[in-house]
Amino acid sequence: MEKNVESPAGEVTSLNVSNLSYTPAPKFIKKTLEYVRYHLTLVNLDWFLPFYKGENRKLQLLGAPLRNVNFTAFGGELVALLGTDPERLEIIQLLTGRKKEGSYDGFISLRGSAIAPNAYYYHNVTYVQKKPLFIPGLTYYDMVAYAVALRCDSSVNVTERIEDILTIMNLHRCKHHIIEAYPATRGEAGCDFRRLSIALEIVSLPPLIVVDEPALSFDPIIALKILECLKRLTKRGHIVFCSVAKPSQAEFNMFDRVVLLADGYSIYSAAPNQVDQHFCSAEMGYQRKKDVTLIDFATDICSGIERPDTMRVAEHASIMQEKFEASRLFTSPSHDATNSHAFTEAFFKYFGYLADIQPFRVQFNRFVVIMNRAVYTKVTNKQTMKSLFGASTILSSFIGYLQYGQGDYGNFCLSIVGIPYKQTANVGSLIFFISMFTQAYFFVDAHALCQKLQLFRYEQAAGVNTTLAFVLATLVSEAPAALLFGMCFGSILYGMSQVHGDYSYFIGAVLMACCVGLSCAIMYCGLFKNELAVRDMFFVSLAIVVLLSGFPFSQTSMPDYLIQFSSIIPTRWIFEALYKWYFSRKIDGFVYLTAYSYNSFDRSTLFVILTNFLLAINAITCVTLLPEPTLMYKKAGAASGKRDASRDSVGSNGSSFDGADLPGNDIISRRMSERPSEAVQPIMFMRESTVTGRQSKLSVNMSQMGEENTARGPTVMLNEISLRVRDPSSPLGYKTVLSNVSGQFDWGKLNMILGAPQCGKSSLMNIIAGNTGANAEVGGQVTFNGVAPKEDAPIWERCAFVPTHNEHYRDLTVHEVVTFAMKLRCYNKLGLSVVAENVETTIANLHLEEVAHKKVKFLNSGEYKRLSIAEEIVHGPKLLLIDEPITGVSLRESSILLNTFREMVNADRTVVCSMYHPSVEAFNLFDSLLLLSKGRVIYSGRIGAATEFFTQSPYQYSLAGYTNPADFLADISSSQLPDSKGEFIDGSLLENYYFSTENYKRIQSRWKAATLHAATRTEGTSNPLRGFMSPPSTPGDLDTSKASVISADLKSTSSFEVEGENETSNKNVRQKPPPKTILALKAAWTFVTKPPRWSDFTDSLFKRQILLHRATASLLGRHELIIGSMVMHILLAILFGWVNKNVTPASVIAYLGIGTMFLLIANAQLIFYMFTNYHVFLKEHSRGLYSSYTNYTVHSMPMYLLKIINAILFAVVSWGWMDVDNSTDTFGFIILCFILVVLAGCMLSEIAVILSNSVPDAYISIGIVAALQFVASGLILKAGSFPIWLRPWVPSMSMLRWIMQAGFIKVYNNNTDGFPLLPIPGVTYSQYVGFLNLFGWGGKTEWYCIGMLVLNIVIFRFIMMLSMAYKAFKAKGTHKEKIYK
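Along each chain, residues carry numbers from 1 onward, in the same order as the chain's sequence is written. Local features in this predicted model are restricted to residues of pLDDT 70 or higher, and side-chain atom pairs are both shown and tallied only at a pLDDT of 80 or more, whereas totals for entire chains, interfaces and linings draw on every residue. By convention in this description, side-chain values take in all heavy atoms of the structure and omit both hydrogens and water.

(A) Structural context of the overall build of the protein. Within the protein, the secondary structure is distributed over 47 helices and 22 strands. Throughout this description, buried means an accessible area under 20% of the type-specific maximum (1.4 Å probe, protein chains only), exposed means over 50%, and partly exposed covers the range between. Burial analysis of the protein (1381 residues in total) assigns 59% to the buried set. Carbon together with sulfur atoms contributes 59% to the accessible area of the protein, which is approximately 55,100 Å² in total. Numbering of helices and strands starts at the N terminus; helices are DSSP runs of H or I of at least 4 residues and strands are runs of E of at least 2. Note on areas: Shrake-Rupley with a 1.4 Å probe; residue coverage comes only from the protein chains shown.

Following this line, the structure appears as structure tokens:
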């Protein structure tokens, strides 16, 4: 229902929430846990909760009831809702009708002239959730246009409304951007995408707009842009209600009203600037300390950290609610009967607020829009169409090339001895491949289908889309592409393989198979919703389909009940029909089909069977997509959630409230009132060392040699640092990142590098740390105390370097991560004596004691960041470099981090932090500033003089309107602030002005004096970063007076010209480096092939022990992975043994080949574990902690042991289940085969993970590897049928081929029971020899095959070592210039 809320003449819109209470509907597990937790007080289940849903889901698990919520919001207000995550989520779901179960009491209503009389409440509300909703391939404009057409009625001018929405959300600049499959979620691109998500929901311009986390985890500047768009809506009279977790102070000030929740009560609902006035009044008794921001003060009150000055415990929420409602700030909600109420009789009809069916014309128009959108999306998504038809053409051509002419081989299927011809087997494999691939291919597009389904669910909840419309639109849009794909795929295979016959029947079966596959993909997405879950369940169903389809395990080897069960698998019927279609024409086709039990099947019934399957699958899809019924009910008694009116309000802070008189005698509330006698004090920003009570103890005081670290941190000096990187998109072939960067970072000062995004902050940090990449050219000089550090010194000895994103073992505890980090930074066992002390001190200094024994995967972003810093500073470095330490963390976490840095500075360390947008409190905590603009320095000096530097410059920038100096400087850096003339000044002009100032001359003077002083020092002090060296020179030793400035030309002489200038005039320009990949490959090959030295092994033996211990602890910490992998292998073994109960020689071969393929696919379980291992290795290798060879020798050993155990379980259970040779010799040999092939497959999977860029890529890579191994094995396409140039080597590369050959020879060599001798005139012939000839396995023994498996392991292991070295060198760099001169 659309109404214009701009009418100033009518009554202002208001949202009224009165006496709202809500209790979640507990599930069985929740009920049990709640009873134990709140009634059996001696039992503590905290240890169990992380195993159930994760540590961060405790509140959701235990429930977060709303007890009494009262507030009012008016049109034109931007409202913020603050409280715990479950409380906020429940309120916004109640406001928007998304809550479907539980018990409620109270009222929610809308009032005002903008509300149509008798209008349904939820037609006046829209909900913007956190998760983005989009359709890949459409533009921003297309998404908004379809949203307008779908949600607005016919009275709206569509074009004008689209332009209006784009203007409100400031999307004109990017309206033609195409939405990618995985759109950006950070930075400017992420901001645009978030504003699009909001735009899609506000197209009908409803009176109430509810937004869940509007700014998400964006940086403050970007968050303000989003809030400014929401402010435009409030100026038009809308109520914009935002649920926010912890906004910055600038964001907090943007809101017109803030609603605070505590323990299920609303304790404040008024303007944010009156929070201080209310809570610090005499009635409330709170006092905000000087250094505590208003937002911190408010959130600490909600969480119970703050308390009134006269009380030893925090005030109970119900008491605070009474005091607020007795104040003049409280606006009582309206109970007018003319209001549009949420909880009406219509809401509780069968399908909730979808119960009021729209007129047929409206429904039909929406159906047309949905259909149009679905078809337009499919047609315009060129990338999807290219991949669809490209894959069908390439794959069918490749398979057709391998199967070329196999269908035209004669009129018999079997040889004279009853062995199928290889062409017969190849055609059968081709039919199986067609049946499988045409159904499985559509799961590749699971991501797009899941996105469309999520958008449908959201539109369904809004009442603008229906199940039938979505299913029909999806089938109509996807089916033509699927049919074209099947036509192209089937026709190419039909022509190249020459399987001549009834073409119309063949292509009809292929097209029906495509339709079944598409319908199954849609059904799976509807059932499992999540993309990874859809893919996982697809792999499970694929295993069942392969085993029960009739090939390669024939039905004669299955029990009768499994044959009956296989009738519900469409693949079985397609395969059986095409088998009958082709082989029934052969003279002995009846005999051949009898072996598969296919004689009784009438292939003309295939289309009837598949049609029934299509109807059944789509019916299941429709049922799964039906809207959830509303199961909410009103609480009995209707007063359980309200405040007891008979209780007197508490008018003083001396209340003796103990929870005994809580409403309804609520046990949970009573227990929450029992707080300890001392409340936790909030951590504040401060320059003194008062957080830990220590000054000198903040940094680790003992070196790994047991000596005291007494030296101060180094003074870092930069002289004309320049950086350029290869950039093929640039006309010059490179991109200049940094130009003429000079500056100084002193010990005993907290130094900041500030600048806009993409200005070179991170690049400069990497250069100081010595971590340049292979595609980078660096010029200039970096010194520590005037001395260049050793070129071969690892990064961890130079400094502690903490990048923006860091990786840790997710299943180790915080204490274990820091302990292993310290051990890896020890040279030998002598350093282990100080490990425990350093670890405990570091954990205490970073306030990680409470989470010391918590696993890394349960940490929040702030704790994770602190862990990254603890890992780097545990060995007591003198120089600390942190890239954006407070980005994406809460203010409390920021205060902990920055106060830790402050205390390190007070302990005479050198700390350098790069920042993007610090708060004013954080900004004032720093001492010196280096300001960058587009890779150039525009200011370097005291942070307190930075604003004055620009306001008194010739450009005369104005500080008016800025409360945070960092905002002022960041806008200058990004050229977004005009000067006094209204012009936007480029960074190059600001750089020229900076070069003319005394600041720059002073830095140059210091540089020359420091260099001269360092030249006179003895060689024994050449490494200023080692704590036991002699004390370095200090800034006090240098003459910084103006008289000492050398009157030379101080104009910049960069090693590189700025991009676009003439480089031929600069004689210092170096040649462009070779391509990064070539350099890394050369370096990796040199590293791998260099002659081994005994000293290399002994030196790294100490590190190997640590790495092996850590890898073992990490794997043992993944209980779910270990147990899940064992259970999965046992279930697979049971399934294989079950299907192959009545074994035949062909089924034994199929068991070995198919079983190995699924064991290879099962490595997908370990992808996340492998990825973590790999990224931790890249991080630590770049720090110089150990070589890639050291890691290569030990890091996978625990995983290999797990895979060996899984292989033994699979072999023992499956082989023991089957009726086959179970002698000890054969049984042990089969187990050995599976162990070897599982090890080879695990190494192959590691190679795929190392060379993949993401987890989805790794999933696809493992599937492709398994498919290639399967094709080359000879099970599908016999080796003798390969093209001549492929025959000698392709089959030998398949592990499946060698295990099938080894197992078959071991079981059936000289086995007259399996292969009886056939009396042929003149010769005695064995079918065993015929099988060997069919597969091309003649002349080899089983131990030769074992040797080939071992050779595969050796080859894969070598490739893995080469890949690891390649990626390590590519990440760290192999073409570094000598920048430390």
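(B) Just helix α43 (residues 1224–1251), in detail. The terminal C-alpha atoms of α43 lie 41 Å apart, and with 28 residues this matches the ideal 40 Å at 1.5 Å per residue to within 8%. The buried fraction of α43 is high, at 22 of 28 residues. Expected span of a helix, by definition, is 1.5 Å for each gap between consecutive residues, and there is one gap fewer than residues.

(C) Structural detail: the nonpolar core. To define a nonpolar core, start from buried Ala, Val, Leu, Ile, Met, Phe, Trp, Tyr and Cys residues and group those joined through side-chain atoms within 4.5 Å. Ranked by internal contacts, the top residues of the largest apolar core, which has 279 residues, are Tyr579, Phe583, Leu764, Phe901, Phe950 and Phe1234. The dominant element in this core, judged by the number of residues it contributes, is α43, at 18 residues. Any two residues whose heavy atoms approach within 4.5 Å at even a single point are treated as in contact. Beyond its immediate chain neighbours, meaning those up to four positions away, Phe901 contacts Leu750, Ile869, Leu880, Ile882, Pro885, Val911 and Cys913. Formed by 99 residues, the second largest nonpolar core is a distinct cluster that contains Val156, Ala262, Phe279 and Met320.

(D) Examining the pairing of strand β14 (residues 750–755) more closely. Most of β14 sits inside the fold, with six of its six residues counted as buried. Here β14 shows a buried face lined by Leu750, Met752 and Leu754 and a second buried face lined by Asn751, Ile753 and Gly755. Two elements, β14 and strand β18 (residues 910–915), share five bridges in a ladder whose sense is parallel. Bridging from a neighbouring strand, Asn751 pairs with Val912 of β18. Across five bridges, β14 lies against strand β19 (residues 928–933) in parallel orientation. Within β19, the position partnered with Asn751 by the bridge is Ser928. At least two bridges found by DSSP between two strands are what make those strands a pair.

(E) Up close: helix α8 (residues 220–235). Here α8 contains 16 residues, and its C-alpha end-to-end distance of 22 Å stays within 8% of the 22 Å for a straight helix at 1.5 Å per residue. Of all the residues in α8, the buried ones are Ile221, Ile222, Ala223, Leu224, Ile226, Leu227, Cys229, Leu230, Lys231, Leu233 and Thr234. Gly237, located one to two residues past α8, shows a positive phi value of around 100°.

(F) Quick look at the pattern of salt bridges. In the sections that follow, a salt bridge refers to a side-chain nitrogen of Lys or Arg positioned within 4 Å of a carboxyl oxygen of Asp or Glu. Enumeration according to the criterion identifies 26 salt bridges in this entry. Its salt-bridge partner being Glu315, residue Lys323 comes within 2.8 Å of it at the nearest N-O pair. Residue Glu315 is classed as buried on the basis of its relative accessible area of 6%. Taking the shortest distance from any N to any O, the salt bridge between Asp927 and Arg902 comes out at 2.9 Å. Of the two residues, Asp927 sits in the loop between α31 (920–924) and β19 while Arg902 sits in helix α30 (residues 891–906), which places them 25 residues apart along the sequence.

(G) Spatial organisation of the packing of aromatic side chains. Note on ring pairs: Phe, Tyr and Trp rings are taken, using the six-membered ring of Trp, and paired if centres are within 6.5 Å. Classes follow the plane angle, with under 30 degrees stacked, over 60 edge-to-face and the rest tilted. Per the stated rule, a full pass over the model turns up 53 aromatic pairs. Their ring planes at 65° and their centres at 5.0 Å tell us that Tyr494 and Tyr503 sit as a pair that is edge-to-face. Classification of Tyr503 as partly exposed rests on a relative accessible area of 31%. Of the aromatic side chains, those joined through ring pairs into one cluster are Phe432, Tyr494, Tyr503, Phe506, Phe575, Tyr579, Trp581, Tyr582, Phe583 and Tyr592. Only when the NZ of Lys or the CZ of Arg is both within 6 Å of the ring centre and within 35 degrees of the ring normal is a charge said to sit over the ring. Stacked on the ring of Trp581, the Lys or Arg Arg585 has its end atom at 5.4 Å from the ring centre. The positively charged end of Arg1357 is found above the aromatic ring belonging to Tyr1192, 4.1 Å away from the centroid.

(H) Examining the sheet that holds strand β13 (residues 734–745) more closely. Reading across the sheet, the three strands line up as β13-β12-β15 and stay open at both edges, with antiparallel pairing between neighbours. Edge positions in the sheet fall to β13 and β15 (776–784), since each has one partner strand and no second. The average undirected angle you get between the axes of adjacent strands in this sheet is 10°. For strand β12 (residues 716–726) and β15, the ladder comprises eight bridges, and the chain directions are antiparallel. Within β15, the residue paired with Val725 across the bridge is Ala776. Across the sheet, helix α25 (residues 761–769) touches β12, β13 and β15, and the angle it forms with β12 is around 115°. To define axes, lines are fitted to C-alpha atoms, for helices over the stretch in contact only, and angles between the resulting N-to-C directions are given on a 0 to 180 degree scale.

(I) Expanded view of unusual backbone geometry. For Asn170, which is not glycine, the phi dihedral falls at a positive 55°. As for its position among the elements, Asn170 is in the loop between α6 (158–168) and α7 (187–201). Phi at Lys934 is positive, roughly 55°, even though this residue is not glycine. Tracing the sequence through the fold places Lys934 in the loop between β19 and β20 (936–942).

(J) Broad picture of the sheet that holds β18. Read from one edge to the other, the open sheet built from six strands follows the order β16-β17-β18-β14-β19-β20, with strand pairing classed as mixed. Taken across any chain shown, the strands that pair with only one partner, and hence form the sheet edges, are β16 (800–802) and β20. Neighbouring strand axes in the sheet, compared pairwise and without regard to direction, differ in orientation by 15° on average. Set on the sheet, α25 makes contact with β14, β16, β17 (879–883), β18 and β19; between it and β17 the angle comes to about 155°. The strands touched by helix α29 (residues 861–873) are β16 and β17; relative to β16, the strand with the most contacts, the crossing angle is about 160°.

(K) Representation of the pairing of strand β4 (residues 101–111) in the model. Across the 11 residues that make up β4, a large majority, eight, are buried. In terms of strand pairing, strand β1 (residues 14–23) meets β4 through eight bridges, oriented antiparallel. Directly across from Ser18, in β4, lies its bridge partner Phe107. Judged from the four bridges that link them, β4 and strand β11 (residues 631–634) form a sheet pairing that is parallel. Residue Gly102 lies in a different strand from β11, and its bridge partner there is Met632.

(L) Geometry of the packing of helix α27 (residues 814–824) against α29. Put simply, α27 and α29 touch, their axes get as near as 8 Å, and they point 25° apart. With respect to α29, the axis of α27 lies roughly parallel. Viewed along their axes, α27 and α29 form a crossing whose handedness is right-handed. In this structure, α27 contributes Val814, Val817, Val818 and Ala821 to the contact, and α29 contributes Leu867, Ala870 and Glu871. Split into classes, the residues belonging to the contact of α27 with α29 amount to six nonpolar, no polar and one charged. Convention used here: angles under 35 degrees read as roughly parallel, angles over 145 as roughly antiparallel, angles from 65 to 115 as roughly perpendicular, and any remaining angle as oblique. In this scheme, a crossing is called left-handed if the near helix is turned counterclockwise away from the far one by less than a right angle; it is called right-handed if the turn is clockwise. In the scheme used here, Gly and all other residues not listed as nonpolar or charged are polar, with Ala, Val, Leu, Ile, Met, Phe, Trp, Tyr, Cys and Pro taken as nonpolar and Asp, Glu, Lys and Arg as charged.

(M) Seen up close, the confidence of the model for the protein. As a per-residue measure, pLDDT reflects the predictor's confidence and takes values from 0 up to 100. Here the protein averages 77 in pLDDT, and 79% of its residues register 70 or above. The model gives residues 687–710 a pLDDT under 50, and that stretch makes 70 contacts with residues more than four places away or in other chains. Across residues 1373–1381 the pLDDT falls below 50, and counting only partners more than four positions away or on other chains, this stretch makes 36 contacts in the model.

(N) Broad picture of the environment of Ser953. On the secondary structure map, Ser953 appears in the loop between α32 (946–951) and α33 (965–973). Separated by 40 residues in sequence, Ser953 and Tyr993 have C-alpha atoms that sit 8.2 Å apart. In terms of polar contacts, Ser953 uses its side chain to reach the backbone carbonyl oxygen of Phe950, at 2.7 Å. The term polar contact refers here to a pair of N or O atoms within 3.5 Å; inside protein, the definition further demands a hydrogen-donor-capable atom paired with an acceptor-capable atom, and it admits residues adjacent in sequence only when both atoms are side-chain atoms.

(O) Main features of the packing of helix α16 (residues 446–461) against helix α19 (residues 531–548). Two numbers describe how α16 lies on α19: the axes approach to 9 Å, and their chain directions differ by 130°. Viewed along their axes, α16 and α19 adopt a mutual orientation that is oblique. α19 is crossed by α16, and the crossing has right-handed handedness. Of α19, the residues touching α16 (which contributes Ala446, His447 and Cys450) are Glu531, Val534 and Arg535.

(P) A look at the environment of Asn860. Mapped onto the elements of the fold, Asn860 is located in the loop between α28 (835–845) and α29. Looking at Asn860, the relative accessible area reads 37%, which means it is partly exposed.

(Q) Geometry of the environment of Thr13. Among the structural elements, Thr13 can be located in the segment before β1. Given the relative accessible area of 4%, Thr13 is considered buried. Distance in space between the C-alpha atoms of Thr13 and Phe74 is 5.7 Å, their sequence separation being 61 residues.

(R) Structural context of a nonpolar patch on the surface. Like-charged residues within 9 Å of one another, or nonpolar side chains (Val, Leu, Ile, Met, Phe, Trp, Tyr) within 5 Å, are grouped into patches, provided each residue has over 30% relative accessible area and no salt bridge. A grouping of Leu527, Phe528, Met537, Val540, Ile544, Phe565, Ile568 and Ile620 is seen on the molecular surface, where their side chains present a nonpolar patch of about 640 Å² in accessible area. Mapped onto the nonpolar patch, the elements with two or more residues apiece are α18 (503–528) and α19. Relative to the assigned elements, Ile568 resides in the loop between α20 (560–565) and α21 (570–583).

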